[in-house]
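Residue-level structure breakdown
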Amino acid sequence: MLNRGKVEEILSDYKGFKIATICSHSSLQIFKGAREEGIKTIGIVQKDRRKVYESFPLGRPDEFIEVDSYEKLPYEELVEKEAIIIPHGSFVEYAGKKFDELPVPIYGNRASINWERNREKMLSWIRKAGVKTPTLMKTPDDIDRPVMVKFPGARGGRGYTIVKSKEEFDKRVKEKEYILQEFIIGVRAYPHYFFSAFNNHGYKTEHGCLELLGVDRRVESSADEIARAHSIGMARDMAFTVIGNESMVLRESLLTEYMEIGKKISEKSFELFGGLTGPFCVETIITEDLEIFAFEVSARIVAGTNIYPEGSPYSCYYYHEPMSVGRRIARELKTAAKKKKLTKIVY
Ligand SMILES: Nc1ncnc2c1ncn2[C@@H]1O[C@H](COP(=O)(O)OP(=O)(O)OP(=O)(O)O)[C@@H](O)[C@H]1O
Ligand SMILES: [Mg+2]
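Position labels on residues start from 1 in each chain and follow its written sequence. A letter from A marks each chain and a number from 1 marks each ligand, given out in the order of writing. In view of the model being predicted, local features appear only for residues whose pLDDT reaches at least 70, and side-chain atom pairs are presented and counted only at 80 or more, with totals across whole chains, interfaces and linings using the full set of residues.

A look at the nonpolar core
- Nonpolar cores are built from buried Ala, Val, Leu, Ile, Met, Phe, Trp, Tyr and Cys residues. These are joined into a set through C-beta atoms within 7 Å. To sort residues by burial, count the other C-beta atoms lying within 10 Å of each one's C-beta; a count of 20 or more means buried, 12 or fewer means exposed, and anything in between means partly exposed. C-beta atoms are built from the backbone. In this structure, I84 and Y107 are the most contacted members of the largest nonpolar core, which totals 67 residues.
- Judged by nonpolar contacts, the second largest core, of 6 residues, contains V147, M148, V149 and L180.

Shown next as structure tokens:
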């Protein structure tokens, strides 16, 4: 992990700052939000994609830096331009393990991305926080109920298989590296939290306050439409390829529990790695008995927030103005800069 001192040194030379990220769906709300907060933006883009991102007058960056590939980003140029990078899903994926060492200031605590990247670590974070997770089977011999076989690395849900027995596992799974996780039947909900140490509103935690800025649910092919196949007698397996996201509000009795889930995950992050700051999302499934299981944490802005570029049915209870997560990030950076505390939320 890059030394914190190095980032502090770079930041101490900044007279101001610009918000930068790779052009992606989330970048649209990041740039729009920054624009609304009066912060200049830089979009890193592959030549062939520029046309798309240029075509949104309110979602495009103030300036583009064109690159041949996202493998190698122009870090010196970014530092020269006083950039602070906002990591989103695609950014983290393109950077891979190199993320930890990137020689440029990154919004958030970069250690949190290290914890989300490793599935064992990420699940242990959730468990240690005291949030229920689906049972893990140690070996295929332990399979005594439907389990989801998950492979390393986020694949946007692609390629995961559900097996019900050791025999089925042996027949269908050829990979050597996997985890076996109990398959939970229920409704998925993905709450979007925002942690701030500067807030004086929100759900109080040990280290600051938590806002719930939205909830979404993913639409996955073919799992979410599998009834169609079954209705005409096709015995198709479910697949979990993410196609998009839908808006959601939680039934009232769940709100309390979701606030607590966010609080627990947030508080544990301080014990484990010095604290996650800013946006994060917990991927959950709620059973018919209203039991909530969490199976993933994303320690950054997530794609599901893109359904709320003008705020959500939750953000409107914190802010008079439309508050997307992108705009909330820009505002947090502005607040920190004003308080001369950028290094608290940039690393
Ligand atoms: N234990 C589980 N029980 C039931 N469904 C699950 C379970 N775990 C995952 N799923 C389903 O599979 C999808 C993908 O799972 P998961 O999020 O673990 O994959 P991923 O490859 O890490 O994807 P991403 O990083 O894009 O979220 C989920 O959105 C959900 O629909
Ligand atoms: Mg996931």
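Topic: the domain arrangement of the protein chain
- Those domain boundaries reflect an automatic or database domain assignment. By the assigned domains, the protein chain splits into domain 1 (4-131 + 186-345) and domain 2 (136-182).
- Distance between the C-alpha centres of domain 1 and domain 2: 28 Å.
- Taken together, the contacts link 8 residues of domain 1 with 8 residues of domain 2.
- The classification used treats Ala, Val, Leu, Ile, Met, Phe, Trp, Tyr, Cys and Pro as nonpolar, Asp, Glu, Lys and Arg as charged, and all other residues, Gly among them, as polar. In terms of residue class, the side of domain 1 that touches domain 2 is made up of 4 nonpolar, 1 polar and 3 charged. We call two residues in contact whenever the C-beta atoms placed from their backbones are within 7 Å.

Observations regarding helix α2 (residues 25-36)
- Each helix corresponds to a stretch of at least 4 residues labelled H or I by DSSP, and each strand to a stretch of at least 2 residues labelled E; elements are numbered beginning at the N terminus. To estimate the expected span of a helix, count its residues, drop one, and scale the result by 1.5 Å. If you check α2, its first and last C-alpha atoms are 18 Å apart, about what 12 residues at 1.5 Å a residue would give, namely 16 Å.
- Among the 12 residues that make up α2, 10 are buried, leaving the element largely enclosed by the rest of the structure.
- Turning to α2, its buried residues number three or more, namely S26, S27, L28, Q29, I30, F31, K32, G33, A34 and R35.
- Of the residues one or two after α2, G38 is the one with positive phi, at around 75°.

Focus on the sheet that holds strand β7 (residues 161-163)
- Within the open sheet, the 4 strands sit side by side as β5-β8-β6-β7. Their pairing is antiparallel. Single-partner strands in this sheet number two, and they are β5 (136-137) and β7.
- As judged from the 4 bridges shared by strand β6 (residues 147-150) and strand β8 (residues 179-182), these two strands associate in the antiparallel manner. Bridge pairing in β8 links V149 to L180. Following DSSP output, two strands are said to pair if at least two bridges run between them.

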